Amino acid sequence: MYTLPCVAPGPMQSPPPPTSSVAQQPFQTPPPPAMGQPQMPPGPQSPHMSQQMSPQMSPPQSPPASMPMAGPPLAGPLMVGSQMAGPPMGGPPMGGPPMAGMGRPFPGPPPPGPGGFQQPSPGAAGPLGYPQQAGNSFGGQMAGPQPGMPGAFPGAPASLAGPPQKKLDPDSIPSITQVIEDDQLKKGGQVFSTNIRGQVPPLVTTDFTAQDQGNASPRFMRCTTYSLPCTADLAKQCQVPLASIIKPFASLPKDETPLYVVNHGETGPIRCNRCKAYMCPYMQFIDGGRRYQCGFCNCVSEVPVFYFQHLDHMGRRVDFYERPELSLGSYEFAATLDYCKNNKLPNPPAYIFMIDVSYNNIKSGLVKLICDELKTLLEKLPREEGAESSAIKVGFVTYNKVLHFYNVKSALAQPQMMVVSDTAEMFVPLLDGFLVNYQDSRAFILAAAECNGKLFIFHSSMPTAEAPGKLKNRDDKKLVNTEKEKTLFQPQKGVYEQLSKDCVAQGCCVDLFLFPSQYMDMATMADVPSHTGGSVYKYNNFQVETDGEHFLRDLRKDVQKSIGFDAIMRVRTSTGFRATDFFGAIHMNNTTDIEMAAVDCDKAVTVEFKHDDTLSEETGALIQCALLYTTISGQRRLRIHNLSLHCSSQLSELYTRCETDSLINFFAKSAYRAILNQPLKNVREILVNQTAHMLACYRKNCASPSAASQLILPDAMKVFPVYMNSLMKTAPLVGSTELSTDDRAHQRLSVMAMGVEDTQLLLYPRLIPLHTLDVNSEALPAPVRCSEERLTDSGMFLLENGHSMFLWLGQAIPPDLIQSIFNLPSLAHLQGHMPALPELDNPLSKKVRSIINGLLDKRPNSMKLQIVRQRDKPEMLFRQFLVEDKGLHGSASYMDFLCYVHREIRQLLT
């Protein structure tokens with residue numbers, strides 16, 4: 001039985017040290033900023049109040065005999081806050097030797113082959129010298145989900161995974177909506193200046209303006225923590241992954257300055273002689289400005305004669321503010337011929353539209369829909385800033401069992417079609433006239449489709465024709481929840497793997513628009529887009545009337561988004577740590593070069609770092625991301641993003657400067673890669689165990705002494721368990737035969753390329769109570785927690801997660817609300833599926849539609865609005881997005897997961 005008496009916050013042994021939003025240093029006097037960095041005064045230091053939340057948690061009275069209680073009963077208050085009266089971070093670890101395999105949630109070196117991690121070996125020593133027990137993520141095996149509870153967190157006692165007999169007050173546990181609201185109140189509408197090393201930025205959900213003053217904007221780079229531990233031992237001790245999520249082409253709001261382009265002519269960009277880092281704010285000029293010392297490797301190089309400039313009394317160049325590469329965190333260099341393939345400037349890229357014109361696609365109206373749209377779509381191809389028209393060339397191919405290429409040269413009286421029937425030995429039957437400038441051939445552009453530079457493929461079934469890419473159906477539900485389930489996520493070897501490599505080598509990105517009515521083998525078909533910087537869009541059982549606008553919105557966004565081609569990215573670091581692992585829609589031929597046939601404004605690469613030496617608190621840690629790419633007009637450019645991080649020998653600093661949204665992005669990608677090589681049960685165990693481990697380390701090293709029955713969470717990570725539990729409920733990590741294999745594979749691949757904003761929203765949808773809307777206010781109603789308890793019978797709620805959108809209508813919703821929105825007298829008249837909201841001329845209808853359209857514009861993908869009534873059958877689909885509740889497939893509620901993690905923490909600490 002859970003009881004929740006009012007309990008006063010427990011006494012603190014000593015007050016927590018002040019922390020602040022600027023770089024708090026563990027010295028009497030602050031150290032100098034990173035070399036060459038703008039020396040701005042630090043902001044005021046405000047004491048950081050710890051929050052204490054104290055519901056008494058007593059265990060259920062009689063757990064079923066089938067699942068014995070693991071560990072001591074849960075009792076005592078929950079605390080959230082930065083209580084740092086414990087031993088300093090450099091103190092002894094939690095008993096015994098530190099654990100190997102820091103950061104990586106899946107311990108051990110990666111096995112040969114693509115990504116993935118070795119399984120934990122049974123019987124290994126427990127982490128940090130803890131006694132080994134069942135449920136340890138780094139060693140001994142744990143009981144898997146119980147029968148009838150697929151996807152329950154591993155080894156969860158039935159008393160927790162089943163319905164509790166008396167509920168805790170949900171308002172007593174940390175809330176994501178409250179954290180988002182608090183950050184918006186504190187930092188919303190403000191300018192975030194990037195002049196301080198290791199500064200934690202506003203949350204991705206907060207509206208702010210970034211001002212580049214020497215570090216890259218958080219729109220381009222975010223980190224799991226902005227304070228790196230000084231040693232590998234400390235990193236291993238806390239098990240917090242050290243990673244950066246880099247979105248090199250991120251879109252900037254209109255009030256933020258676009259990146260400057262620096263052109264040094266034929267000389268090209270200035271680089272360190274030793275490590276090849278590009279000129280940036282972290283280079284220190286010495287010897288009267290004639291030489292400079294690299295901030296990354298400390299090598300001293302001569303300043304080229306043309307680049308020489310005198311230094312002022314501070315030792316800074318007098319042209320500091322005139323040169324973006326000296327004063328800003330992000331900028332571009334014009335690249336020379338040395339940076340081009342075969343030392344030749346590239347041609348402008350091409351978009352080739354390739355349409356499946358099989359009988360079903362013609363009959364469904366899909367082919368006509370695409371062709372009608374192309375007429376207007378091609379007017380909106382991306383163009384360089386200030387250019388009157390796009391330099392992108394376009395071409396068209398249609399196909400069924402053979403391919404049809406079209407000559408749409410403007411000199412022709414009408415387009416010509418050429419058929420290629422030999423699909424085993426493919427060739428392009430013409431070049432002159434196949435790729436054309438849209439402006440010249442506007443009159444002849446057909447209703448048809450295809451692309452190169454970027455290839456847009458519109459396809460509706462699994463390739464079964466006798467051709468090199470033929471696939472066989474391997475959708476076997478008997479593999480779910482077995483050792484072989486991982487094969488469902490692995491692409492079939494051979495043709496598609498080679499095609500990915502060929503596309504990357506040619507700088508050809510592939511986007512797939514799929515319209516399946518049955519299994520397609522998404523794991524294999526989407527392999528090419530997922531290695532070439534492409535995207536996959538999927539419309540199950542497509543119907544023009546209900547899905548047409550949804551598909552066209554995706555197509556328009558995809559064609560128009562800002563993009564770079566034939567890209568190669570390198571991440572350099574200062575001495576003491578290095579980039580070791582990479583996640584994204586990328587291809588890697590070696591351990592350092594990240595290759596992308598294209599990279600657009602929505603694609604992110606997550607990079608993990610490991611120590612190879614001790615880091616210095618004084619100089620901090622530096623990261624430089626350099627992206628070489630071709631612009632849409634055919635220019636070769638280098639885009640540079642720089643970031644300086646704080647380093648500390650105090651664990652409390654690391655936890656204070658953690659960013660939960662970035663952490664969960666890293667864990668999602670790590671887990672989704674691991675399921676290619678490990679059983680789902682193992683991956684889920686590792687996720688739970690690492691969550692407990694990170695929080696136990698905080699409790700032992702950073703929190704003031706308190707009763708073991710208290711759950712104490714670091715303030716910056718207090719909602720991490722909500723996100724982790726939500727991640728474990730996602731389709732790829734839930735072993736259920738009810739879920740579509742293709743849908744699971746699609747979500748797995750989509751997440752691998754997501755930035756922090758997208759994974760945050762996917763794992764915690766926004767639930768907006770529209771019935772409280774004030775039509776005279778610009779402000780949206782505050783989102784509520786994603787739980788059934790927040791719904792009201794008389795309410796109307798909008799739920800969206802970036803991929804799905806629902807309008808939920810309570811059964812007692814007032815008739816005047818239904819009349820205003822749907823022009824119907826009551827809810828009972830709302831029968832069946834409504835493809836769209838009617839456009840009515842009343843303030844409420846206009847406001848609701850403007851909110852929905854605003855969200856559709858803001859998100860990278862289109863979302864199809866689904867209208868559901870309370871207690872109707874389709875409501876089950878809506879309920880799976882209420883991530884604080886129990887999952888449809890037996891997964892735990894947030895409350896139960898938190899109790900379970902608390903038990904795991906207590907076992908680690910005993």
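Residues numbered from 1 in each chain as written. Predicted model: local features only at pLDDT ≥ 70, side-chain atom pairs only at ≥ 80, totals over all residues. Heavy atoms only, no water.

- Going by the annotation in an unreviewed UniProt entry, the name recorded for the protein is SEC24 homolog D, COPII coat complex component, with Lates calcarifer given as the source organism.
- On record in UniProt, under Sequence similarities (unreviewed entry), the comment for the protein is "Belongs to the SEC23/SEC24 family. SEC24 subfamily." (UniProt positions renumbered as here; feature names shortened; annotations may be inferred.)

**Some remarks on the sheet that holds strand β10 (residues 291–293)**
Piece 1. Pairing is antiparallel across the open sheet formed by three strands, whose spatial order is β9-β10-β11. This sheet does not close on itself; its edge strands, each paired only once, are β9 (284–286) and β11 (300–302). Pairs of neighbouring strands in the sheet enclose a mean axial angle of 30 degrees, with direction left out of account. (Pairing = 2+ DSSP bridges. Helix = DSSP H or I, 4+ residues; strand = E, 2+ residues; numbered from the N terminus. Axes fitted to C-alpha atoms, helices over the stretch in contact; angles between N-to-C directions.)

**Some words on the sheet that holds strand β24 (residues 605–611)**
Piece 1. Spatially, β5-β7-β24-β22 is the arrangement adopted by the four strands of the open sheet, whose pairing is antiparallel. Each edge of the open sheet is held by one strand with a lone partner, namely β5 (221–223) and β22 (577–583). Neighbour-to-neighbour, the strand axes of the sheet open up by a mean angle of 25 degrees, direction not taken into account.
Piece 2. Against the sheet, helix α12 (residues 660–674) contacts β5, β7 (243–246), β22 and β24, and its axis sits at roughly 60 degrees relative to β22. (Contact = heavy atoms within 4.5 Å.)

**Quick notes on the side chain of R684**
Piece 1. Looking at the secondary structure, you find R684 in helix α13 (residues 680–701).
Piece 2. Of the side chains with opposite charge, E485 comes closest to the buried, unpaired R684, at an N-O distance of 6.5 Å.
Piece 3. Within the structure, R684 has its side chain in polar contact with the backbone oxygen of L733 (distance 2.7 Å). (Buried < 20%, exposed > 50% of the residue type's maximum accessible area, 1.4 Å probe, protein only. Lys, Arg positive; Asp, Glu negative; His and termini not counted. Salt bridge = Lys/Arg side-chain N within 4 Å of Asp/Glu carboxyl O. Polar contact = N/O pair within 3.5 Å; in protein donor to acceptor, adjacent residues only side chain to side chain.)

**Some details on the nonpolar core**
Piece 1. Counting 107 residues, the largest nonpolar core has Y655 and L727 as the members making the most contacts within it.
Piece 2. Counting residues per element, this core draws most heavily on α13, at 10 residues.
Piece 3. L381, F396, F513 and Y537 belong to the second-largest nonpolar core, a separate cluster that totals 34 residues. (Core = buried A, V, L, I, M, F, W, Y, C linked by side-chain atoms within 4.5 Å.)

**A closer look at the packing of α12 against helix α15 (residues 741–752)**
Piece 1. Where α12 meets α15, the closest approach of the two axes is 9 Å, and the angle between their N-to-C directions is 135 degrees. Taken as axis vectors, α12 and α15 run oblique relative to one another. For α12 against α15, the interelement crossing comes out left-handed. In this structure, α12 contributes A668, K669, Y672 and R673 to the contact, and α15 contributes Q747, R748, V751 and M752.
Piece 2. Looking at the contact of α12 with α15 residue by residue, the classes come out as four nonpolar, one polar and three charged. (Parallel < 35°, antiparallel > 145°, perpendicular 65-115°, else oblique. Left-handed = near helix turned anticlockwise from the far one by under 90°. Nonpolar A, V, L, I, M, F, W, Y, C, P; charged D, E, K, R; others polar.)

**A few points about the confidence of the model for the protein**
Piece 1. Taken residue by residue, the protein gives an average pLDDT of 81. The fraction at 70 or more is 76%.
Piece 2. Low pLDDT (under 50) marks residues 1–77, which in the prediction has 199 contacts with non-local residues, meaning those over four places away or in another chain.
Piece 3. Here residues 447–452 is a poorly scored stretch, pLDDT under 50, and it has 35 contacts once near neighbours within four places are set aside; other chains count. (pLDDT = per-residue confidence, 0-100.)

**Observations concerning the state of the cysteines**
Piece 1. All told, the structure shown has zero disulfides when counted by the stated rule.
Piece 2. Sulfur of C294: no disulfide; nearest cysteine sulfur belongs to C275 and is 3.7 Å away.
Piece 3. Looking at C702, it has no disulfide partner, and the nearest cysteine sulfur is the one in C697, 6.3 Å off.
Piece 4. For C702, a relative accessible area of 1% gives the class buried. (Disulfide = S-S within 2.5 Å.)

**Some thoughts on the pairing of strand β19 (residues 509–514)**
Piece 1. In terms of burial, β19 is largely enclosed, as six of its six residues are buried.
Piece 2. Of the two faces of β19, the one carrying C509, D511 and F513 and the one carrying V510, L512 and L514 are both buried.
Piece 3. Traced from strand β18 (residues 454–459) through helix α7 (residues 495–506) to β19, the parallel crossover comes out right-handed.
Piece 4. Bridge count between β19 and strand β20 (residues 536–538): three bridges; the pairing is parallel. Bridged to L514 within β20 is K538. (Right-handed = clockwise from strand over helix to strand, strands pointing away.)

**Quick look at the packing of aromatic side chains**
Piece 1. In total, this model carries 32 aromatic pairs according to the counting rule given.
Piece 2. Taken together through their ring pairs, the aromatic side chains of F458, F513, F515, Y537, Y539, F542 and F551 make up a single cluster.
Piece 3. Taking the ring centre of F208 as reference, the NZ or CZ of R219 above it sits at 4.5 Å.
Piece 4. Lying across the ring of F249, R639 places its NZ or CZ 4.3 Å from the centre. (Phe/Tyr/Trp six-rings, centres within 6.5 Å; stacked < 30°, edge-to-face > 60°. Lys NZ or Arg CZ within 6 Å of the ring centre and 35° of its normal.)

**With respect to the pattern of salt bridges**
Should their charged atoms come close, side chains of opposite charge can pair.
Piece 1. A full pass over the atoms with the stated rule returns 43 salt bridges.
Piece 2. When the shortest N-O distance is used, the salt bridge between D558 and K454 registers 3.7 Å. With D558 in helix α10 (residues 544–560) and K454 in strand β18, the pair connects residues that are 104 residues apart, well separated along the chain.
Piece 3. When its relative accessible area of 1% is taken as the criterion, K454 is described as buried.
Piece 4. Each of K454, D511, D558, K561, D600, D602 and K603 takes part in one network of salt bridges that share partners.

**Brief notes about the environment of M520**
Piece 1. With respect to the helices, strands and loops of the structure, M520 is situated in the loop between β19 and α8 (522–525).
Piece 2. Here M520 falls in the buried class, since its relative accessible area comes to 1%.
Piece 3. Each residue touching M520, except ones within four places of it in the same chain, is listed here: H459, S460, S461, M462, L471, L514, M525 and D742.

**Side note on helix α17 (residues 815–822)**
Piece 1. Among the residues making up α17, those that are buried are L817, I818, I821 and F822. Along the axis of α17, the buried residues cluster in a sector spanning 100 degrees; they form a single face.
Piece 2. Looking at the buried positions of α17, the neighbouring elements they touch are β29 (796–800), β30 (805–809), α18 (843–858) and β31 (865–869).
Piece 3. Of the residues trailing α17, N823 is marked for its positive phi of about 60 degrees. (Arc of directions from axis to C-beta.)

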